[in-house]
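Residues per chain, in single letters:
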Amino acid sequence: MMKYVRQFAIPSLILVLSVLALRVFRVIPASKLWSGYSVLYVPVQSDKALLRRTLEENGVTTYLSLENQTFPLALPKESPEYSLSAAGAAGNYLDRRAGYFFDREHAFSVYYVPDRLEGELNRAVHELAEAGIAAGLNASSSYPWAAFVITLVFAAALVYFAERRILMLCATALGAYFALSLPFYSVASAMCLFLLAFFLSTKFWKRDGAVSSIKKNTVISVLMLLSVITIFLSGIKAAALFVAFLLAVLSASYIYFVASELSEQRFFFRPVLIRPASMVNALTPKNMHCVLGCFAATSLILVSAVFSLRNIEFSGEGAGGASVQLPSKNAAKKTLPDLSDYVIWNWNTVTFPYRSLNDGVPQEPKTGDMVVFPRYEEKNGRISSSLNSIVFDEQFKANAIQNIDSLPPTALEALLKKQGGFVKPGYAGSGTQSVSVLAFILLAFCALIPGALYLLFTKPRIQLQEKK
């Protein structure tokens with residue numbers, strides 16, 4: 001009994017932990033960075049005049065940019081509150097606000113366009129590309145579903161053609177889950193190659209010298225090596241999760257082997273595979289159809305990656321690509337000012353001329369803080385004085401937020417208010433698939449190799465048939 005427990009318990013535990021690792025550490029593409037707005041970003045050195053003209057000619061007449069930001073408080077320019085705050089006396093909110101219009105590295109200028117203009121914005125992005133301005137766009141959540149569906153269809157085909165369908169089903173299920181956990185085009189192509197290599201290796205299952213024959217098989221070795229290289233070049237996380245995936249596949253294969261052995265023990269006669277693995281040809285005509293199917297799947301993934309170029313990003317880590325870090329309403333760490341900072345700046349702006357410099361300026365007020373100051377008024381030739389007070393309370397906060405409605409629609413504060421509350425702004429991935437030059441090279445190889453192998457191993461057979 002303990003023997004069976006060891007045979008099943010340990011690999012089952014490894015399988016569960018590996019799948020759990022794929023679940024916990026999976027890559028989740030960011031959704032829209034800002035509710036109600038699409039984010040356009042271009043290199044900082046781009047021709048801004050051409051950019052503005054292209055946007056307007058395509059109907060994008062309303063957008064937020066650094067250039068169209070104004071003083072975010074309805075005050076006369078000649079007032080002391082305005083002049084002192086503009087000079088920075090009320091704090092650095094205005095300087096920090098400029099961070100919304102650049103990526104983390106200040107390599108890209110950022111623009112915010114209302115979602116109602118998304119169609120016009122897409123046309124403008126294509127026109128900008130034709131004009132030589134490489135523009136990125138975060139308009140919606142980005143997940144390469146086409147690549148995953150292609151991988152899933154190919155995996156289903158392998159199960160259909162497999163001699164050991166249960167074993168192949170386990171491997172393809174884990175492979176599909178791995179591709180889902182790492183939503184990169186390169187990973188999807190690599191997984192197609194890996195599953196094909198696994199499919200071909202099952203031809204040697206339970207035959208003498210199986211491991212040695214698999215190592216010596218050129219097709220399996222090339223497919224496996226290219227899939228491993230592609231995944232490891234897709235990033236450190238991809239490589240780590242691939243190790244977990246391999247452990248899961250090996251554990252599932254071992255469980256299947258032990259289960260089949262126990263099942264065969266019930267029978268008086270147990271069939272034995274006579275021919276050793278060295279005498280078995282994995283590249284049968286039926287299996288070559290699967291090689292051709294792999295070529296078709298990886299080619300389609302490459303095509304879908306090409307079509308994703310309209311949302312291409314300009315930096316990346318490895319072939320998987322790391323997102324450009326753009327301003328987002330929900331970042332891991334708050335590094336940009338939010339509406340609470342705006343309210344505090346508002347308070348410092350309207351109270352600074354009436355506070356003692358000894359109080360410390362600017363300051364972060366506490367609820368209930370009050371500034372009392374005299375106000376003089378001439379009436380009937382006489383100057384009268386009265387005491388006015390400004391209290392930092394809930395009413396002051398509500399009025400500050402409400403007064404945002406009087407600002408131009410291109411004010412950043414209007415965008416923040418539309419997010420529906422006090423958010424945690426900072427920098428996050430743009431949510432669009434990054435397809436680097438390295439990724440395209442790997443995708444091309446992933447498509448080329450199955451096609452080359454198919455031609456290499458089917459051409460001699462065709463020539464032989466023609467001679468007959």
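This text follows the structure it describes.
Residues numbered from 1 in each chain as written. Predicted model: local features only at pLDDT ≥ 70, side-chain atom pairs only at ≥ 80, totals over all residues. Heavy atoms only, no water.

### Overview of the packing of aromatic side chains
- For the coordinates displayed, the defined rule picks out 23 aromatic pairs.
- Note on Y93 and Y342: the rings are 5.9 Å apart at their centroids and 55 degrees apart in plane angle, and the pair reads as tilted. With Y93 in helix α4 (residues 93-97) and Y342 in helix α13 (residues 339-351), this residue pair connects regions lying 249 residues apart in the sequence. Here Y93 matches Y342 in class, with each residue buried.
- Here F194 and F242 contribute two aromatic rings whose centre-to-centre distance is 6.0 Å and whose plane-to-plane angle is 85 degrees, an arrangement assigned as edge-to-face. (Phe/Tyr/Trp six-rings, centres within 6.5 Å; stacked < 30°, edge-to-face > 60°. Helix = DSSP H or I, 4+ residues; strand = E, 2+ residues; numbered from the N terminus. Buried < 20%, exposed > 50% of the residue type's maximum accessible area, 1.4 Å probe, protein only.)

### Topic: the nonpolar core
- Counting residues in hydrophobic clusters, the biggest one holds 60 residues, and the most contacted among them are F178, L196, L200 and L223.
- For this core, the secondary structure elements donating two or more residues are α6 (145-161), α7 (165-181), α8 (185-201), α10 (218-232), α11 (236-264), α12 (285-307) and α16 (437-467).
- The element contributing the most residues to this core is α8, with 14 residues.
- Among all residues touching L223, those that are not within four sequence positions of it are L193, L196, A197, L200, I449 and L453.
- Residues L73, Y100, W347 and F396 belong to the second largest nonpolar core, which totals 41 residues. (Core = buried A, V, L, I, M, F, W, Y, C linked by side-chain atoms within 4.5 Å. Contact = heavy atoms within 4.5 Å.)

### A closer look at the sheet that holds strand β3 (residues 136-138)
- The sheet built from three strands is open, its strands ordered β2-β1-β3 with antiparallel pairing. Bordering the open sheet on either side are β2 (108-114) and β3, each of which pairs with just one other strand. Adjacent strand axes in the sheet meet at a mean angle of 20 degrees, parallel and antiparallel pairs treated alike.
- Where helix α2 (residues 48-57) meets the sheet, its contacts fall on β1 (37-43) and β2, and the angle it forms with β1 comes to roughly 150 degrees.
- Relative to the sheet, helix α5 (residues 118-130) contacts β1, β2 and β3, its axis offset from that of β1 by approximately 15 degrees. (Pairing = 2+ DSSP bridges. Axes fitted to C-alpha atoms, helices over the stretch in contact; angles between N-to-C directions.)

Coordinates in, geometry out; function isn't part of it.
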